[in-house]
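As a plain string of letters, each chain reads:
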Amino acid sequence: MTLHSDVAELLAEAGILDVDVDEAVADEHVRASAYLRVVSVIASSRSRDRDRAMVATILRDPLESISKTAVVALVDEIAMKVTGPAEFRQWSAELLPEIDQLKTEAFREFIRRRIDDWLFWLSIEDGHVPTPAELAEVTDWMQRHIAEWSRSAAVLAVVAESANTKKTRNIAKNRAGSRELRTE
């Protein structure tokens, strides 16, 4: 497979007709934008059957930073659509062999950490109240996400006391007093 055929295939499968394949191949910014559009279409599909193949195609891009960004965007979108941690764990496990093909270890680790972060979030959404030690295992990004989006007073209390950054602790503390929070 060539980059040209990979980009053409991805765009065709996503039904994106307004991107010039030659321009996308020549310009990494156009290609990165095209990948993000493809990811958006993939994520909005009810079927997850083609996700692994599409990720494998995206990860063949010679610029791993572009493909990493697209895969992270897909992980983020799918995590927000699944019904719970079990569904996301199964979906992400199917992608891991493709992610392991990335040459840059830092990119592989970043994607794996993002998956772990989302699994943590989904368990919280499923009713789990983390311990401070469990909270310490997720990234600062996820700690802040929890502080900004959790509707559990108990979870926010843990974040307000144990998050890594003062800003995140303050966000959680301020939100913990909100009337919008669900009751435990």
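Refer to the structure above for everything that follows.
Residues numbered from 1 in each chain as written. Predicted model: local features only at pLDDT ≥ 70, side-chain atom pairs only at ≥ 80, totals over all residues. Heavy atoms only, no water.

1. Description of the overall build of the protein chain
Here's step 1: Regarding its fold elements, the protein chain presents eleven helices and zero strands.
Here's step 2: Shown N-terminal to C-terminal, the secondary structure of the protein chain runs as helices and strands in the order α-α-α-α-α-α-α-α-α-α-α.
Here's step 3: Dimensions of the protein chain, computed from the C-alpha atoms along their principal axes, are close to 55 × 30 × 25 Å.
Here's step 4: Looking at the protein chain residue by residue over its 184 residues, the buried ones come to 43%.
Here's step 5: Counting contacts in the protein chain only where the partners sit at least 6 residues apart, residues at least 24 apart contribute 61% of the total.
Here's step 6: Accessible surface, the protein chain as shown: approximately 9800 Å² in total, 51% of it carbon and sulfur.
Here's step 7: When the 24 basic and 32 acidic side-chain charges of the protein chain are each reduced to a single mean position, those positions are 7 Å apart. (Helix = DSSP H or I, 4+ residues; strand = E, 2+ residues; numbered from the N terminus. Buried < 20%, exposed > 50% of the residue type's maximum accessible area, 1.4 Å probe, protein only. Contact = heavy atoms within 4.5 Å. Areas by Shrake-Rupley, 256 points an atom, 1.4 Å probe, with all protein chains shown as cover. Lys, Arg positive; Asp, Glu negative; His and termini not counted. Charge placed at Lys NZ, Arg CZ, Asp CG, Glu CD.)

2. As for the packing of aromatic side chains
Here's step 1: One pass over the structure, following the stated rule, counts two aromatic pairs.
Here's step 2: Ring centres 5.5 Å apart and planes at 80° place the aromatic pair Trp118 and Trp141 in the edge-to-face group. You can see Trp118 sitting in helix α7 (residues 105–125) and its partner Trp141 sitting in helix α9 (residues 140–149), a full 23 residues away along the chain.
Here's step 3: On the basis of relative accessibility, which here comes to 2%, the residue Trp118 falls in the buried class.
Here's step 4: Just above the ring of Phe110 sits the side chain of Lys68; from NZ or CZ to the centre is 4.4 Å.
Here's step 5: Over the ring of Trp141 we find Arg114, and its NZ or CZ is 3.8 Å from the ring centre. (Phe/Tyr/Trp six-rings, centres within 6.5 Å; stacked < 30°, edge-to-face > 60°. Lys NZ or Arg CZ within 6 Å of the ring centre and 35° of its normal.)

3. Concerning the packing of helix α1 (residues 3–14) against helix α3 (residues 28–44)
Here's step 1: Look at α1 against α3: their axes get within 9 Å of each other, and the N-to-C directions meet at 35°. At the point where α1 passes α3, the crossing takes the left-handed sense. Facing α1, whose interface residues are Leu3, Val7, Leu10, Leu11 and Ala14, α3 presents Arg31, Ala34, Tyr35, Val38 and Val41.
Here's step 2: When the residues that make up the contact of α1 with α3 are grouped by side-chain class, the tally is nine nonpolar, no polar and one charged. (Axes fitted to C-alpha atoms, helices over the stretch in contact; angles between N-to-C directions. Left-handed = near helix turned anticlockwise from the far one by under 90°. Nonpolar A, V, L, I, M, F, W, Y, C, P; charged D, E, K, R; others polar.)

4. A few points about the side chain of His145
Here's step 1: Examined against the element boundaries, His145 turns out to sit in helix α9.
Here's step 2: Among the residues examined, His145 registers a relative accessible area of 13% and is labelled buried.
Here's step 3: Ignoring sequence-local partners within four residues, the contact set of His145 consists of Trp118, Trp121 and Ser150.

5. Considerations on the nonpolar core
Here's step 1: Leu11, Tyr35, Val38, Leu74, Phe88, Ile146 and Val159 are the most contacted members of the largest nonpolar core, which totals 55 residues.
Here's step 2: Among the elements that make up this core, the one with the highest residue count is helix α5 (residues 64–79) (nine residues). (Core = buried A, V, L, I, M, F, W, Y, C linked by side-chain atoms within 4.5 Å.)

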